[in-house]
Amino acid sequence: MGKKTQVYEYHRKHGNIVDYAGFDLPVWFEGILPECRAVRTHAGIFDVSHMGRVIVDGPDAGAFLDHLTTNDVSALACGGGQYSLLCNQNGGIIDDITVFRLGGTKFLVVYNAGNRGKDWDWLQAHRARRNVTLSDVSDKVAMFAVQGPRAGGLLRDVSGTRLEEVEKYGTADVTVN
């Protein structure tokens, strides 16, 4: 029996559950082919709550992430994001990540489900002498990916926001019905 995401009960009732990175997740609901067609022609919503999510906040947050990743995190505008790599002390890759600047000193780091423990431990081990706080929100906040040619319209309908105006790798605060 694996870990559960915030919407597991829906998955259990309607989906075909498999083990993925230690989580009980649906591999499909109606079938692989009809769902693939739906995403290619309309939109699909995917529960990606199994991925790790950490809020990094504080005066040294940008410098802290600059030190541990391969991109210039400090240069991100508020609402901006970037794909990057989390590196070890020799420059080797620990994991690929996505970093978003949520505010002046507040960042969201998203990493792979299979590396949640390892990545969290790495971040924790390297925050000494830095004025940052780390908050693992992975199990507290659900996360969904919406893909397909009609994803923008679907998201606009439930949020009232023209999300297609958000830049690639960008963020926006919205309320969803």
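The structure we're discussing is the one just above.
Counting of residues starts from 1 at the beginning of each chain's written sequence and follows it residue by residue. Residue-level local features of this predicted model are given only where pLDDT is at least 70; pairs of side-chain atoms are given and counted only at 80 or more, and the full residue set underlies all totals for whole chains, interfaces and linings. To get the side-chain values, all heavy atoms of the structure are used, and hydrogens and water are removed first.

### Details of the pattern of salt bridges
Counted as salt bridges are all cases of a side-chain nitrogen of Lys or Arg within 4 Å of a carboxyl oxygen of Asp or Glu. Under the criterion given, the structure shown has four salt bridges. R12 is the salt-bridge partner of E9, the closest N and O atoms lying 2.8 Å from each other. One end of the pair is E9 and the other is R12, both in helix α1 (residues 8–14) and three residues apart, which spans about a single turn. Overall, E9 belongs to the partly exposed group, its relative accessible area being 42%. The partner of R116 in a salt bridge is D139, with the nearest N and O atoms 2.8 Å apart. Note on conventions: DSSP H or I runs of at least 4 residues are helices, E runs of at least 2 residues are strands, and numbering of each starts at the N terminus. Three exposure classes are used, based on accessible area relative to the maximum for each residue type with a 1.4 Å probe and protein chains only: buried under 20%, partly exposed in between, and exposed over 50%.

### Some details on the side chain of S49
Relative to the elements of secondary structure, S49 occurs in the loop between β3 (44–47) and β4 (52–57). Of the residues examined, S49 reaches a relative accessible area of 2% and is grouped as buried. Pairing of N or O atoms within 3.5 Å defines a polar contact, subject to two protein rules: one partner must be a possible hydrogen donor and the other a possible acceptor, and residues neighboring in sequence count only if both atoms are side-chain atoms. Reaching out from S49, the side chain makes a polar contact with the backbone nitrogen of M143 at a distance of 2.9 Å. Contact between two residues is taken to exist if any of their heavy atoms lie within 4.5 Å; hydrogens are not considered. Not counting the four nearest positions on each side in its chain, S49 is found in contact with T5, Q6, R116, S138, A142 and M143.

### Section: the nonpolar core
Note on soluble globular proteins: their nonpolar side chains tend to be buried together. Put simply, a nonpolar core is a bunch of buried Ala, Val, Leu, Ile, Met, Phe, Trp, Tyr and Cys residues held in one set by side-chain atoms that sit within 4.5 Å of each other. In this structure, V56, F64, L65, V99 and L123 are the most contacted members of the largest nonpolar core, which totals 20 residues. Of all the secondary structure elements, the ones that give two or more residues to this core are β4, α3 (61–68), β6 (93–101), β7 (106–111) and α4 (116–125). By residue number, the principal contributor to this core is α3, which donates four residues. The contacts of F64, once residues within four sequence positions are left out, are V56, L123, H126, R127, R130, V132 and L134.

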